[in-house]
Amino acid sequence: MRKKKDSNNSIQNKMLSELKSKDLFEVAKNYAFQYLDETETRDVYPSQENIQKLQDFNEILPDESSKPEDIIKQLHTLGTLGTVNHTGGNYFGFIIGSATPVSLATKWLTDVWDQCGGLFVSSPINASLELVCEKWLKEILNLPKNTVAGFVSGGSMANFSALAAARFHILKQQGWNVNKKGLSGAPKIRLITHNQIHASIKKNLVLLGFGDECIEYISSDDEGRIVVEELPILDNSCIIFLQAGNANSGSFDNFETVCEMANKAKSWVHIDGAFGLWVAASKSLSYLTKGIEKADSWALDAHKTLNVPYDSGIVLCKHATSMANALQASGDYIIYSDTKRDPMLYTPEMSKRSRVFELWATLKYLGKNGIDTMVTSFHERAVQLAEGLNKEGFEILNEVVFNQVLVGLETDEKTTKMLSSIQNSGKAWLGGSLWKGRTVIRVSVSSWRTSYKDIVNTIELFKEAKKDL
């Protein structure tokens, strides 16, 4: 009897040969090094002409296998043209950090490992380093020892995970097990925040079964901070949302006062600190986070202020049981560890990329003093920019407490034109926003590569754009 031909044999042998030769990886490495070498000379944002060239990717899927070298070459020669230069020192949009060299190198190595980070048994090294990072994060942020951490895709998913834990905990306090009974007929949860809360909180509340009309909004002050005096009477049905770092002004809420009131009432306090909570590691700025340890949960994003590559959100919660119950999963095939930490207990994901490696490498590389220096430098560069622009007659519309600078001109029309002019220059990229009913230019200093000279050059860009107006 003849053996049946293995239809996969040819493509399998081809890929095994590629792994053995390493030529493909050398090609990719050389292109990556070229990209890094050209960082300082590349436009911060691609031109319309280069964006149009990306249409060349819109081709018919081939029937036969393509040459891998050609695929990598196409990505390099054509794809590079459509990238935004986040890795340089002149990108100031969306509070996006760069990437530290050690974190990039770590990602290259560990992507080859291709670890599934859901369980200890699926990746002992991932589970072990998650525990290490959890310990280090509690230390640099000065959080309670019983705090547990989950490592998720970004700040939005960190907020989602914390709010799911809060929902479980608050309902359980009122004698309702949401895992068994669901939300239909559940006791009311009171959601309290101010009107400057980040959009990701609102989005996650919808995902968790709450609408915007469920929120009790109170006022914020001129810098976007909660007006504590307007807080209603709290009880054990309340979830209160605060933020460490307003997305526009960079301001920080009064954590200590609100948390003390909430703790007495057995309310839950969640702090959205995607970029701002990291200032707890800065000796000169940590006063902004006074009282955060009295909250119940926190959300951070390491790709922002810590400059870890993307896919590095962190949720922290001091109610481990509530978090594990809210994010629980069951299945006969799931093999939980008897003595070790299973990461999926603290995240919504089961099959998840082992994303903690880059965070661990960055924390270890910088150390406490390095984290302090880098975080503080963002503030120093932001102050330099604000003072320099102010001397040139530009209006600075916020108190620069951390890394955010809001710039306005006499009219919204002029502000919009200036923003467009700077964005189209290719020399820097700034975001736009609305602040107190005005169109503003929002500058976010978040990259370790941003130098004193970069800020000087950015001020010159503003001056040139103002002349054009």
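Scroll up to find the structure this text is about.
Throughout what follows, the structure given in this document is the object of discussion.

Analysis parameters
- Residues numbered from 1 in each chain as written.
- Predicted model: local features only at pLDDT ≥ 70, side-chain atom pairs only at ≥ 80, totals over all residues.
- Heavy atoms only, no water.
- Pairing = 2+ DSSP bridges.
- Helix = DSSP H or I, 4+ residues; strand = E, 2+ residues; numbered from the N terminus.
- Contact = heavy atoms within 4.5 Å.
- Axes fitted to C-alpha atoms, helices over the stretch in contact; angles between N-to-C directions.
- Phe/Tyr/Trp six-rings, centres within 6.5 Å; stacked < 30°, edge-to-face > 60°.
- Lys NZ or Arg CZ within 6 Å of the ring centre and 35° of its normal.
- Buried < 20%, exposed > 50% of the residue type's maximum accessible area, 1.4 Å probe, protein only.
- Arc of directions from axis to C-beta.
- Salt bridge = Lys/Arg side-chain N within 4 Å of Asp/Glu carboxyl O.
- 1 Å grid on protein atoms, 1.4 Å probe; cavity = no way out; pocket = protein on both sides within 12 Å on 5 of 7 lines; lining within 4 Å.
- Points joined across faces, edges and corners; volume = space filled by probe spheres on them.
- Nonpolar A, V, L, I, M, F, W, Y, C, P; charged D, E, K, R; others polar.
- Parallel < 35°, antiparallel > 145°, perpendicular 65-115°, else oblique.
- Disulfide = S-S within 2.5 Å.

Some remarks on the sheet that holds strand 10 (residues 404-408)
Point 1. Read across the open sheet, the five strands follow the order 1-11-12-10-9; overall the sheet is mixed. The open sheet terminates on both sides in strands that have one partner only, identified here as strand 1 (91-92) and strand 9 (395-396).
Point 2. When strand 10 meets strand 12 (residues 438-444), the two strands line up antiparallel, connected through four bridges. Among the inter-strand pairings, glutamine 404 is bridged to a residue of strand 12, identified as serine 444.
Point 3. Against the sheet, helix 13 (residues 412-425) touches strand 10, strand 11 (429-435) and strand 12, its axis set at about 30 degrees to strand 12.

Here we look at the packing of aromatic side chains
Point 1. Going through the model one piece at a time under the given rule, you end up with seven aromatic pairs.
Point 2. The interplanar angle of 25 degrees and the centroid separation of 5.6 Å between the aromatic rings of phenylalanine 94 and tryptophan 429 together place this pair among those described as stacked. Note that phenylalanine 94 is positioned in the loop between strand 1 and helix 5 (101-113) and tryptophan 429 in strand 11, a separation of 335 residues in sequence.
Point 3. With centroids separated by 5.4 Å and ring planes inclined at 75 degrees, the aromatic side chains of phenylalanine 394 and phenylalanine 462 adopt a geometry described as edge-to-face. Taken as a pair, phenylalanine 394 in the loop between helix 12 (356-391) and strand 9 and phenylalanine 462 in helix 14 (residues 452-468) lie far apart in primary sequence, 68 residues in all.
Point 4. Three or more aromatic residues link up through ring pairs in this structure, and these residues are Tyr45, Tyr91, Phe94 and Trp429.
Point 5. The positively charged end of arginine 42 is found above the aromatic ring belonging to tyrosine 35, 3.6 Å away from the centroid.
Point 6. For lysine 181, the ring lying beneath its charged end belongs to tryptophan 176, and the centroid distance is 4.8 Å.

A closer look at the environment of glycine 89
Point 1. As for its position among the elements, glycine 89 is in the loop between helix 4 (68-77) and strand 1.
Point 2. The sequence separation of glycine 89 and tyrosine 452 amounts to 363 residues, and the corresponding C-alpha distance is 9.9 Å.
Point 3. Those residues within four positions of glycine 89 in sequence are excluded, and the remaining contacts are Ser447, Arg449, Thr450 and Asp454.

Some thoughts on helix 9 (residues 199-207)
Point 1. Among the residues of helix 9, those classed as buried are Ser200, Ile201, Asn204 and Leu205. One side of helix 9 carries all its buried residues, which in axial view fall inside an arc of 140 degrees. Seen from the open side of helix 9, the exposed residues pointing more than 90 degrees away from its buried face are Ala199, Lys203 and Val206.
Point 2. Remark: glycine 209 follows helix 9 within two positions and exhibits a positive phi of approximately 95 degrees.

Observations concerning the pairing of strand 11
Point 1. In this sheet, strand 11 lies alongside strand 1 in parallel orientation, the contact comprising two bridges. Bridged to phenylalanine 92 within strand 11 is leucine 430.
Point 2. The pairing of strand 11 with strand 12 spans five bridges and is classified as antiparallel. Across the sheet, leucine 434 pairs through a bridge with threonine 439, a residue of strand 12.
Point 3. Taking the residues that link successive antiparallel strands as the turn, the strand 11-strand 12 hairpin has two residues, and the phi of lysine 436 there is positive, at about 55 degrees.

Focus on the pattern of salt bridges
Between side chains of opposite charge, a pair can form when the charged atoms approach closely.
Point 1. Following the criterion strictly, the structure yields 25 salt bridges and no others.
Point 2. Measuring nitrogen to oxygen at the nearest pair gives 3.6 Å for the salt bridge that ties arginine 353 to aspartate 111. One end of the pair, arginine 353, is in the loop between helix 11 (320-326) and helix 12; the other, aspartate 111, is in helix 5, and 242 residues separate them in sequence.
Point 3. Judged by its relative accessible area of 23%, arginine 353 falls in the partly exposed class.
Point 4. Between glutamate 130 and lysine 352 there is a salt bridge, and its shortest N-O distance comes to 2.9 Å. On the criterion of sequence distance, the pair formed by glutamate 130 in helix 6 (residues 124-141) and lysine 352 in the loop between helix 11 and helix 12 is long-range, its members being 222 residues apart.
Point 5. Taking the relative accessible area as the measure of exposure, glutamate 130 reaches 0% and is therefore buried.
Point 6. Residue lysine 352 is classed as buried on the basis of its relative accessible area of 3%.
Point 7. Taken together, the salt bridges that share partners define one network made up of Asp111, Asp311, Glu349, Arg353, Arg355 and Glu358.

Description of the layout of surface pockets
Point 1. When its volume is computed, the largest pocket comes out at roughly 1,200 Å³.
Point 2. Considering the residues around the largest pocket, the lining is formed by 36 residues, among which Ala32, Tyr35, Leu36, Leu104 and Trp108 are closest to the centre.
Point 3. Elements supplying a minimum of two residues to the lining of the largest pocket: helix 2 (23-37), helix 4 and helix 5.
Point 4. No other element matches the eight residues that helix 2 contributes to the lining of the largest pocket.
Point 5. Among the residues forming the lining of the largest pocket, the class breakdown is 21 nonpolar, eleven polar and four charged.
Point 6. Here the second largest pocket defines a volume of roughly 290 Å³.
Point 7. Every residue lining the second largest pocket is counted, 19 residues in all, and those nearest its centre are Ile95, His198, Ala247, Ala274 and Lys304.
Point 8. Per element, the largest residue contribution to the lining of the second largest pocket is three residues, and it comes from helix 7 (residues 155-173).
Point 9. Looking at the lining of the second largest pocket residue by residue, the class counts come to six nonpolar, nine polar and four charged.

Brief notes about the packing of helix 2 against helix 4
Point 1. Their axes nearest at 10 Å, the elements helix 2 and helix 4 cross at an angle of 10 degrees. Considered as vectors, helix 2 and helix 4 are oriented roughly parallel to each other. Mapping the contact onto sequence places Leu24, Val27, Ala28, Tyr31 and Gln34 in helix 2 and Pro68, Glu69, Ile72, Lys73 and His76 in helix 4.
Point 2. The class makeup of the residues in the contact of helix 2 with helix 4 is six nonpolar, two polar and two charged.

Some remarks on the state of the cysteines
Point 1. By the definition in use, this model includes zero disulfides.
Point 2. Unpaired in terms of disulfides, cysteine 133 finds its nearest cysteine sulfur in cysteine 116, a separation of 18 Å.

Details of helix 10 (residues 255-265)
Point 1. All of the buried residues in helix 10 are Phe255, Val258, Cys259, Ala262 and Ala265. Across the axial projection of helix 10, the buried residues extend over an arc of 125 degrees, all falling on one side.
Point 2. Taken together, the buried residues of helix 10 touch strand 5 (238-243) and strand 6 (268-272).
Point 3. Backbone geometry just after helix 10 places lysine 266 at a positive phi near 60 degrees.

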